[in-house]
Structure formats: structure tokens, C-alpha cells
Amino acid sequence: MLPSLCRYHQQCSRALLPLIGPQLESKLLTLCSTHGQGAKYSSGTTERKKFYRGVTISQGEGGLYEINLDRRKLKTPGGKLFTLPNEALAVAVATEWDAQKDTLKFYTMHLTTLCNTAIDNPTLRNKDQVISAALKFLETDTVCYRVEDPPGLVELQNNEWDPVLEWVEKRYNVVIGSSSSIMGPQIPESTKETFRQHLSSYNFWSLIGLEYVINQLKSVVLSFGLTDRHLTVEKAVLLSRLEEEYQIQRWGNVEWAHDYDMYELRARTAAGALFVYLSSESATVKKKILQDP
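All values reported here derive from a predicted model rather than from experimental measurement. (Residues numbered from 1 in each chain as written. Predicted model: local features only at pLDDT ≥ 70, side-chain atom pairs only at ≥ 80, totals over all residues. Heavy atoms only, no water.)

A. Seen up close, the environment of Leu-242. As for its placement among the helices and strands, Leu-242 is situated in helix H11 (residues 242–251). As for Leu-242 and Leu-153, which are separated by 89 residues in sequence, their C-alpha atoms are 8.7 Å apart. Ignoring anything within four residues of it in the chain, the contact list for Leu-242 reads Leu-156, Gln-157, Glu-160 and Trp-161. (Helix = DSSP H or I, 4+ residues; strand = E, 2+ residues; numbered from the N terminus. Contact = heavy atoms within 4.5 Å.)

Have a look at this one:
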């Protein structure tokens, strides 16, 4: 089933390896070994019995791509035809459906959920509203809020967060800063405007994915580091959980619960990053992926 999709999956994964890191490379498109809560907009049920055998892709009106489950065209929860802007994203979503076993586990199908959100746009937001929602996180960014004690955590935050903060300030020629005050740092308006202009360069679909990543990491800084390939998924997730990891190292943890939470967050973050990449994919990128040996 879908032998060509499997080959394309391998090629696509190799192209994305610098972004996702080797440990997530083999899992990124299926995302089925890790349970998740999904995005804000998903189907009403979390599981149902699988009702199809094969998954195919077809190109419909306007050059948009469609997902076919046997002979049935996939539709969104809002009843719209499930159409995708390019072949690369269609392949990724089709792989997600093809990877399902006897039971459809919708909470593992993060790419499908993000597509549903972009197509149905259930909150009726425009591009500017999505950008504003994403930038709201800058005011409470994880890496900008610092503790005053214990000394070990203060040192850890400085050592791990400062380099990323310095990188993003240099990369975008902005000032962000950090603070131990409950009010957080005062972000200059010029910084917000620079980031707004940067986000405006993304299309609506990519913004949906980027907002999702920002929401997972609770950080604009870490999300930019991830989408700009300065950070891997593993590193971005670790930095977003720095205080929790410190407490675990100090006091111990329930191992299975810790691993579950960490891999779940990795899966969601990886899916969001992949969605941003594929939904902003250009003809040049697709050509390169298809021509890789």
C-alpha cells in the first residue's frame, strides 16, 4: 500500500534531517507511537474503527491535492473537501492516514488536524489576527522569565537560554532581554514590529503551524530557533522544559510519566515544524526532495 509514498517519505525525511534531528527522523511523518492531545481544532472523537483499506492522492481543481480513502474523498470536520496546496504536504498527510492500524487514533494525526484548522478556519481569523496571537507569547516567553533562586537553576537558565536569546537578537537585529520580575522584560515596540514583518512573510497555512509550535513551546524565541534550523526539535523541547528537567534531576520523577510527556511534546512540536516547512514549500524545494537519491 502506497509504495511510492514510502519512497517519498524517505526522501522528504532526509531533506528535513537538519531540522528534526536523527532520533525523530524515522517517526516524524507517522507520529503514531506517541499519544497526543492534538491541536485546538480536531474531530469530535479521539478514536474510531478503521473504515478504509487504501490511501491515494489525486490532483483536483485549481491544482490542489486531495486525499482519497479507498474511493471516498476526505473531508474536514466542517464538511469541506480536504484539499492541500502542494504534493509534499499531501504525501505527508496521506502517510499519516496510511500508518493507522485497525483503529484510527485521531490524537496522533497532528498534520491532519493542522490541515483541518487551516481549511475550516473555525475561529474565522485572518492572517493579521494569527500573527497577533502568535506575538502575544513574546510578552510571556519562556526564555525571558528567569528565577532568582535556587542558584543552580539560575545558572542553568543563564547557560542554556542566554545563547539562544543572543542568537535571535543578532539574527533579527532586535532587543528582547530577560527579567526575574513577575512583569517580565519590557519588549520594545521595534522588536515586535520586526517580528510582525517577519511573520507576515509566511502564508496563512504556515502561520497556523508556527502558532501551533509557539503554543507548544510557550516561546517565540525557541520557535524561531527551530524553524530557522538553529535548534533541533529535541533541543527546543528540552529548553522549553528546563525548570521541570532541573527539578526532576534534583528530586527524581515517575519515569514513565516524564518520558510520556517529553515524547508527546516532541511529537507535537515536530509535526508543527514539519507543517510549517511543507506548507511553505516552494517548487525548488519539492524538486530537490524528489531528485535526492
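B. Focus on the nonpolar core. Ile-67, Leu-84 and Trp-97 are the most contacted members of the largest nonpolar core, which totals 72 residues. Once residues within four sequence positions are removed from consideration, Leu-84 is found in contact with Leu-64, Tyr-65, Ile-67, Leu-89, Ala-90, Val-93, Cys-115 and Trp-205. (Core = buried A, V, L, I, M, F, W, Y, C linked by side-chain atoms within 4.5 Å. Buried < 20%, exposed > 50% of the residue type's maximum accessible area, 1.4 Å probe, protein only.)

C. Spotlight on the packing of helix H5 (residues 127–135) against helix H7 (residues 189–200). Packing of H5 against H7 leaves a shortest axis separation of 10 Å and a crossing angle of 135°. What the angle tells us is that H5 and H7 run oblique. Where H5 crosses over H7, the two elements pack in a sense that is right-handed. Only Lys-192, Phe-195, Arg-196, Leu-199 and Ser-200 of H7 make contact with H5, whose side of the interface consists of Lys-127, Asp-128, Ile-131, Ser-132, Ala-134 and Leu-135. Split into classes, the residues belonging to the contact of H5 with H7 amount to 5 nonpolar, 2 polar and 4 charged. (Axes fitted to C-alpha atoms, helices over the stretch in contact; angles between N-to-C directions. Parallel < 35°, antiparallel > 145°, perpendicular 65-115°, else oblique. Left-handed = near helix turned anticlockwise from the far one by under 90°. Nonpolar A, V, L, I, M, F, W, Y, C, P; charged D, E, K, R; others polar.)

D. Structural context of helix H8 (residues 204–217). Compared with an ideal rise of 1.5 Å per residue, which puts 14 residues at 20 Å, H8 spans 20 Å between its outermost C-alpha atoms and is within 8% of the ideal. The element H8 is extensively covered by neighbouring structure, given that 13 of its 14 residues are classed as buried. A distance of 3.1 Å separates the backbone nitrogen of Trp-205 from a side-chain oxygen at the start of H8, and that oxygen is part of Asn-203. Immediately downstream of H8, the backbone of Lys-218 shows phi near 55°, a positive value. (Expected span 1.5 Å × (residues − 1). Polar contact = N/O pair within 3.5 Å; in protein donor to acceptor, adjacent residues only side chain to side chain.)

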